[in-house]
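Read off the chains here:
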Amino acid sequence: MELQRSWQRLLGLWTDRPLPKGAIIAERYTICELLGMGSYGLTYLCIDEQTGDEVALKGSKPSKGKLSARLLSREADVMSRLQHPAIPKLLNAFIYKGRSYIAIEYIRGETLETYIFEQGQRYSERECIELASQLLSPIAHVHQQGYIHGDVRIPNVIMKDGHLHLIDFGLARQMGEPLLPELKRRMRELPAPEDEPATPDQDLQDLGHFLLFMLYSAYEPEKGKAPASWQEELDLQPDLVIMLERLLGLRPGYEAGASELQAEMQRILPKLH
Ligand SMILES: Nc1ncnc2c1ncn2[C@@H]1O[C@H](COP(=O)(O)OP(=O)(O)OP(=O)(O)O)[C@@H](O)[C@H]1O
C-alpha cells in the first residue's frame, strides 16, 4: 500500500512537471516563468501573443484528474461575473491537450506577504485600516454578486502602484453553498467555520486575520517577554481593538456586512496614527 502511494506520488510529480520557459500553449500563450504550483494547479506568467499583454495562466494538474479541471471551471465561472478595478479580469478559459486553463489579467506588483515577510515593510495603524478599507471594496463587490472569496489572506493581495488587488478565486463559492467535500481535506488545518454554508461573515473574519498580520508587521517583541494575546502585545487604539474583536467573532459582528464595516473604518480612521 505504502509502495503504491509512493509510486503514485512519483508519477504525479512527473505528469505535473511544469512546462519550460518559451513553451507555447494553445498557439497563443508563451511561458515566461512559473509563478506557483498549488495543490490543484500550476500558474505561469505568459505573454499573450495576440495582444502582447502579460497574463497569469492557470492550468489544471493532470494527476488531480477531473477535480482540478472542475475547480478551474468554478473559478472561471465566478470570475466571469465580477467586474471591479481591484479584481483581475478573466480573459479566457479553454482546454488544450487535455488540460484546462484559465487566462487572467496579470497584476505586476508584490503580494502583501512579500512586503511584510521578505521586504520587512511595517504598517502603522492608520495604514493598516486604509489598506483594509481599500480591500473591502472588491470584497463588497464579490458579496454583491452573491459570492464569497473564501481565501482573503496576505498572499492573495497584490499591491500595484499603491493600489490593492484581490486575486485567487479558487475557493470562492456562492452564498449559502458549503465547501466542496473534496476540498475539506485541504482546509483541515484551518479553523472552522469551513463546513458551514458560505456567508459574508467568513470573508470579514479573514479580513480580521489579515489586519492582525498587517498590524504585527510593526510589532517588536521585548526580549525575554513571554508570548501573550494580540490584545496585550499590540498597543492598539481602543476603537481598533473593538473592530478586530468584532471581526474575529469575539463580539457581535457586522450584521449589515461590508458596508457597515466600511462606515466604521471611516469613522475611526481620523483617530489613528
Ligand atoms: N492575476 C495575477 N497577477 C499576478 N500574479 C498572480 C495572479 N494570479 C496568481 N498570481 C501569482 O501566482 C502565484 C500562484 O498563485 P495561485 O493563486 O494561482 O496559486 P497558489 O497560491 O500557488 O496555489 P493555491 O491555488 O493552492 O492557493 C502566486 O505567487 C500569485 O501571487
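Here the structure is shown first, and the text comes after it.
Note that this is a predicted model, so its numbers are computed, not measured.

Caption draft 1: Molecular detail of the sheet that holds strand β10 (residues 163-166). One open sheet holds the three strands; their spatial order is β7-β9-β10, and the pairing between them is antiparallel. Of all the strands in the sheet, just β7 (110-111) and β10 have a single pairing partner and so form its edges. Here strand β9 (residues 157-160) pairs with β10 via four bridges, running antiparallel. Opposite Val 157, over in β10, you have Leu 166 as the bridge partner. Each of β9 and β10 is contacted by helix α4 (residues 125-144), which is oriented at about 40° to β10, the strand it contacts most.

Caption draft 2: Molecular detail of the site of the ligand. Around the ligand, 17 residues are found, and the nearest of them are Leu 35, Gly 36, Gly 38, Ala 56 and Asp 168. Here the residues of the shell around the ligand sort into eight nonpolar, six polar and three charged.

Caption draft 3: Region of interest: the nonpolar core. Core analysis: the largest hydrophobic core is formed by 59 residues, its most contacted members being Ala 132, Leu 135 and Leu 207. Here the element with the most residues in this core is α4; it accounts for eight residues. Residue contributions to this core reach at least three from each of two domains, namely domain 1 (2-105) and domain 2 (110-271). When neighbours within four sequence positions are excluded, Leu 207 is seen to be in contact with Ala 132, Leu 135, Ile 139, Val 152 and Leu 247.

Caption draft 4: Just the sheet that holds strand β5 (residues 90-96), in detail. If you trace the six strands from one edge of the open sheet to the other, you get β1-β2-β3-β4-β6-β5, paired in antiparallel fashion. Only two strands of the sheet have a single partner each, and these edge strands are β1 (24-25) and β5. Across seven bridges, strand β3 (residues 41-48) lies against strand β4 (residues 54-60) in antiparallel orientation. Note on β4: the bridge partner recorded for Cys 46 is Val 55. Lying over the sheet, helix α2 (residues 65-80) contacts β3, β4, β5 and β6 (99-105), oriented at roughly 30° with respect to β6.

Criteria and thresholds
Residues numbered from 1 in each chain as written. Predicted model: local features only at pLDDT ≥ 70, side-chain atom pairs only at ≥ 80, totals over all residues. Pairing = 2+ DSSP bridges. Helix = DSSP H or I, 4+ residues; strand = E, 2+ residues; numbered from the N terminus. Contact = placed C-beta atoms within 7 Å. Axes fitted to C-alpha atoms, helices over the stretch in contact; angles between N-to-C directions. Near = placed C-beta within 6 Å. Nonpolar A, V, L, I, M, F, W, Y, C, P; charged D, E, K, R; others polar. Core = buried A, V, L, I, M, F, W, Y, C linked by C-beta atoms within 7 Å. Buried ≥ 20, exposed ≤ 12 C-beta atoms within 10 Å, placed from the backbone. Domains from an automatic or database assignment.

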